[in-house]
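These are the residues of each chain, in order.
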Amino acid sequence: MELLTSFSQLPDARKGQGKQYGMDAILLGDMSLFLLKEGLRNELNNHRSNGHFSKYYRQLFKVKLPHQDTVKDVSCVLPNHELEQVRMDLMSRLFEQKWLRDYRLLNKYYLVAVDATGVMSFDERHCEHCLRRKSKSGKITYFHYVLEAKLVTSDGHILSLASEWIENPVGDFDRQDCERKAFERLAQKLKKQYPRLPVWTCQ
Ligand SMILES: [Zn+2]
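This structure is a prediction, so every number in the text was calculated from the model and none was measured.

1. Comments concerning the pattern of salt bridges
Then step 1. What the rule picks out here adds up to twelve salt bridges.
Then step 2. Across the pair Arg-93 and Glu-2 runs a salt bridge whose closest N-O atoms are separated by 2.1 Å. One end of the pair, Arg-93, is in helix 6 (residues 80-96); the other, Glu-2, is in helix 1 (residues 2-8), with 91 residues separating them in the sequence.
Then step 3. Exposure remark for Arg-93: the relative accessible area of 24% places this residue in the partly exposed category.
Then step 4. The class of Glu-2 is partly exposed, set by a relative accessible area of 43%.
Then step 5. Note that Arg-87 and Glu-84 form a salt bridge whose closest N and O atoms lie 3.4 Å from each other. Here Arg-87 pairs with Glu-84, and both are found in helix 6, just three residues apart, close to one helical turn.
Then step 6. Ionic contacts of the salt-bridge type, sharing partners, join the residues Glu-84, Arg-87, Glu-164, Asp-177, Arg-185 and Lys-189 into one network.

2. What to know about the coordination of the zinc ion
Then step 1. In this structure, His-126 (ND1), Cys-127 (SG), Cys-130 (SG) and His-144 (NE2) serve as the protein donors to the zinc ion, at separations of 2.0 to 2.3 Å.
Then step 2. For the zinc ion, the four donor atoms in the first shell make angles of 101 to 124° at the metal, so the coordination geometry reads as tetrahedral.
Then step 3. Each donor residue of the zinc ion lies on the same chain, and together they follow the pattern H-C-x2-C-x13-H.
Then step 4. The exposure class of Cys-127 is partly exposed, given its relative accessible area of 25%.
Then step 5. By relative accessible area, Cys-130 is classed as buried at 3%.

3. Things to note about the packing of aromatic side chains
Then step 1. Scanning the model with the defined rule gives five aromatic pairs in all.
Then step 2. When the centroid spacing of 4.8 Å and the interplanar angle of 65° are considered together, the rings of Tyr-57 and Phe-61 count as edge-to-face. Placement of both Tyr-57 and Phe-61 in helix 4 (residues 51-61) is noted, with a separation of four residues, approximately one turn of the helix. Summarising the burial analysis for this pair, Tyr-57 and Phe-61 share the class buried.
Then step 3. Ring centres 5.7 Å apart and planes at 80° place the aromatic pair Phe-95 and Tyr-194 in the edge-to-face group. Taken together, the residues span a long stretch of sequence, with Phe-95 in helix 6 and Tyr-194 in the loop between helix 7 (179-193) and strand 5 (199-202) at a distance of 99 residues.

4. Comments concerning a nonpolar patch on the surface
Then step 1. Side chains of Leu-105, Leu-106 and Trp-200 sit close together on the surface and give an oily, nonpolar patch of about 320 Å² of accessible area.
Then step 2. Mapped onto the elements, Trp-200 comes out in strand 5.

5. Let's talk about the nonpolar core
Then step 1. Residues Phe-95, Leu-151, Leu-161 and Tyr-194 are the most contacted members of the largest nonpolar core, which totals 21 residues.
Then step 2. Where this core is concerned, the elements lending two or more residues are helix 6, strand 1 (110-122), strand 3 (140-152), strand 4 (158-166) and helix 7.
Then step 3. By size, the runner-up hydrophobic cluster in this structure holds 19 residues, among which are Leu-10, Tyr-57, Leu-65 and Leu-78.

So, how was this worked out
- Residues numbered from 1 in each chain as written.
- Predicted model: local features only at pLDDT ≥ 70, side-chain atom pairs only at ≥ 80, totals over all residues.
- Heavy atoms only, no water.
- Salt bridge = Lys/Arg side-chain N within 4 Å of Asp/Glu carboxyl O.
- Helix = DSSP H or I, 4+ residues; strand = E, 2+ residues; numbered from the N terminus.
- Buried < 20%, exposed > 50% of the residue type's maximum accessible area, 1.4 Å probe, protein only.
- Donors = N, O, S within 2.8 Å, 3.2 Å for Na, K, Ca; no water.
- Tetrahedral: all angles 85-135°; square planar, octahedral: opposite > 155°, others 65-115°.
- Phe/Tyr/Trp six-rings, centres within 6.5 Å; stacked < 30°, edge-to-face > 60°.
- Patch = residues over 30% accessible without salt bridge, like charges linked within 9 Å, V, L, I, M, F, W, Y side chains within 5 Å.
- Areas by Shrake-Rupley, 256 points an atom, 1.4 Å probe, with all protein chains shown as cover.
- Core = buried A, V, L, I, M, F, W, Y, C linked by side-chain atoms within 4.5 Å.

Printed below as a string of structure tokens:
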């Protein structure tokens, strides 16, 4: 599986020898929460002790399911850009292999929608990159937004091409980061990753 090969090449922050699970098993263990529609990591851990489940999991994915504590510990320290690069490289291969040609607008352009979405918000500052907003009552909310570029197909599929976090720099700054500034960074990222892609953008 091409995805597992890409996962296995990701940097592993774990020190020492004798690791039981490679990065492919770790990342697939993370994705399994969604693939198997599990709400909690604990539920997956419970399934691990079921012989039938473990056997079918191994047959299907060719790797063993790690304990979710290990999955969380390793994937939490994996830099965002590493995983994003895996996703962008997979999309590049789909374009190169012409799998998406039939979805072009006017037989020429790929339709790309760009929009920002809120990911999380907090009553207290949660990290040095938080955006912040003050309400009329004086209450400050801290939050994170991400700007997404999605390929939209005529049959209703939406495939993520690239993401750019809207976040403040460390230290002093005059103005907070915003969607417009993030769009400039996102456009550069799209150009670099998909240099010859004919794109029709809606924002
Ligand atoms: Zn934060």
